[in-house]
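Residue-level structure breakdown
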Amino acid sequence: MIAKILPKHALQNWIETLREHYRIIGPKLAQSQFIFGDIHSADELDLSYPTTILPPKKVLLPQREDLFHFDATGDTHIVEPTFDDEPTVILGIHACDMHSITLLDRVFERGTADQHYQTRRENTTLVSLECIKSCSEYSFCKSMGTLSIPEDFDLHITDLGDEYLLEIGSNKGVSLLWNFNEVREATDADFERLNKVMSEKWSHFTYRVDFDITELPALLSLSYDSKVWEELGDRCLACGACNIVCPTCYCFDVRDEVDFSLCSGGRFRVWDSCQLDRFAVVAGGHDFRDARAARQRHRFFRKGKYLTEKYGVVGCVGCGRCAQACLVHISPVDIFNELHRRRVPSAATQEEILA
Ligand code: SF4
Ligand code: SF4
């Protein structure tokens, strides 16, 4: 491991140095809630944040993103794609959100690679943050296997108390410390402190899913006709909040905007939600998933089965944002456990079967 030590009092200067070359995004307080937003000074950055309303996905896949514009008003007709290549650093990303970016990277590179996502991603440096205590009562990252940081970080921060240990994961990570002389090489004593922090952190998280999560795809397959989906459909308000806050949801709608002369305009995409009533309406007015129960089932099958089978990583990273946002308290942990409970006979039933 290549690592440096950054004294906490030097954080301000480091941010100032980075701001000369990058747009800096990080967790900060906004109207009593934490968000990922532009950081103009180290005072704004709060690396002890619990969780944010929206995940850092919003930087790589903005809520509204221009795709191309055209202009046919002059002699030369112009059609130009729009790419955002501003060098950006996202600071302080929790492990669950890092896992969601691993998934998004795979989604947007397969098949016809999404050049808009890829351009932004190539120009973004990811600085992750070791989770030392649970960030919210809703999170269940330990159950989902997303409590440890994945390999694709550029720089990884661990809070050692009065100093930060910065583990370097890539050349992009090296660049962030280039010519900054307020860091020093990590010593054996620093690595001992790191080991202590890492060995103590696991007891601060609990397993909340009642079974081994590798069984989830099979459990969902067996539960396709479960009554759970009808029950969820009866409760769900179809508001879409669960999708909007989710770091692994990436469905979008594409819209055109044209001026009155019809000679210039553009195309953009916006986030969409599979839980909205008209999400699945297609040509002719046909709605191929009109029941809320069917849409809830689809949502949980994507999170627990489809994405895992297609991309080889979990489709739900256990951040708990959807459970926190849902007005009728629909929570993935409860749904997964309820499906499991209904598939596994109780001890009394097992005795009856054996008798
Ligand atoms: S489904 Fe919920 S808990 Fe899972 S990643 Fe999305 S928002 Fe987080
Ligand atoms: S947040 Fe809750 S009520 Fe709203 S669509 Fe999602 S599950 Fe349904």
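Bear in mind the structure is a predicted one, so any value in this text is a computation, not a measurement. (Residues numbered from 1 in each chain as written. Chains lettered and ligands numbered in written order. Predicted model: local features only at pLDDT ≥ 70, side-chain atom pairs only at ≥ 80, totals over all residues.)

1. Here we look at the site of ligand 2
The full set close to ligand 2 counts 13 residues, and Cys236, Cys239, Cys242, Gln275 and Cys326 are the nearest of them. Looking at the shell around ligand 2 residue by residue, the class counts come to 11 nonpolar, 2 polar and no charged. (Near = placed C-beta within 6 Å. Nonpolar A, V, L, I, M, F, W, Y, C, P; charged D, E, K, R; others polar.)

2. What to know about the domain arrangement of the chain
One can read the domain layout of the chain as domain 1 (3–204) and domain 2 (213–354). For domain 1 and domain 2, the distance between their C-alpha centroids amounts to 27 Å. Facing 35 residues of domain 1, the contacting portion of domain 2 comprises 29 residues. Contributing elements (two or more residues each) for the side of domain 1 that touches domain 2: β4 (64–71), α3 (95–109) and α5 (141–144). Tallying contributions element by element places α3 first for the side of domain 1 that touches domain 2, with 9 residues. Of the residues assigned to the side of domain 1 that touches domain 2, the class counts are 16 nonpolar, 12 polar and 7 charged. (Domains from an automatic or database assignment. Contact = placed C-beta atoms within 7 Å. Helix = DSSP H or I, 4+ residues; strand = E, 2+ residues; numbered from the N terminus.)

3. Side note on the site of ligand 1
Taken together, 13 residues lie near ligand 1, and Cys246, Cys316, Cys319, Arg321 and Cys322 sit nearest. Grouping the constituent residues of the shell around ligand 1 by class yields 8 nonpolar, 3 polar and 2 charged.

4. A closer look at the pairing of strand β12 (residues 264–271)
Looking at chain direction, β4 and β12 are connected through 7 bridges and run antiparallel. Bridge pairing links His69 to Gly266 in β12. In this structure, strand β11 (residues 252–258) lies alongside β12, joined through 7 bridges in antiparallel fashion. Each bridged residue has a counterpart across the sheet, and for Val258 the counterpart in β12 is Gly265. Taking the residues that link successive antiparallel strands as the turn, the β11-β12 hairpin has 5 residues, and the phi of Leu262 there is positive, at about 65 degrees. (Pairing = 2+ DSSP bridges.)

5. Concerning unusual backbone geometry
A positive phi is found at Ser32, a non-glycine position, where the angle reads about 70 degrees. As for its placement among the helices and strands, Ser32 is situated in the loop between β2 (23–30) and β3 (33–38).

6. Here we look at the sheet that holds strand β10 (residues 184–185)
Reading across the sheet, the 8 strands line up as β3-β2-β6-β7-β8-β9-β1-β10 and stay open at both edges, with mixed pairing between neighbours. Only two strands of the sheet have a single partner each, and these edge strands are β3 and β10. Looking at chain direction, strand β7 (residues 124–129) and strand β8 (residues 155–159) are connected through 3 bridges and run parallel. Paired with Ser128 across the two strands is His156, which belongs to β8. Helix-sheet contacts for helix α1 (residues 11–19) involve β1 (3–7), β2 and β6 (88–93), and the interaxial angle to β2 is about 130 degrees. (Axes fitted to C-alpha atoms, helices over the stretch in contact; angles between N-to-C directions.)

7. A few points about the sheet that holds β12
Spatially, 4 strands are ordered β5-β4-β12-β11 in an open sheet, and the strand pairing comes out antiparallel. Single-partner strands in this sheet number two, and they are β5 (78–81) and β11. Within this sheet the neighbouring strands show an average axis-to-axis angle of 20 degrees, counted without direction.

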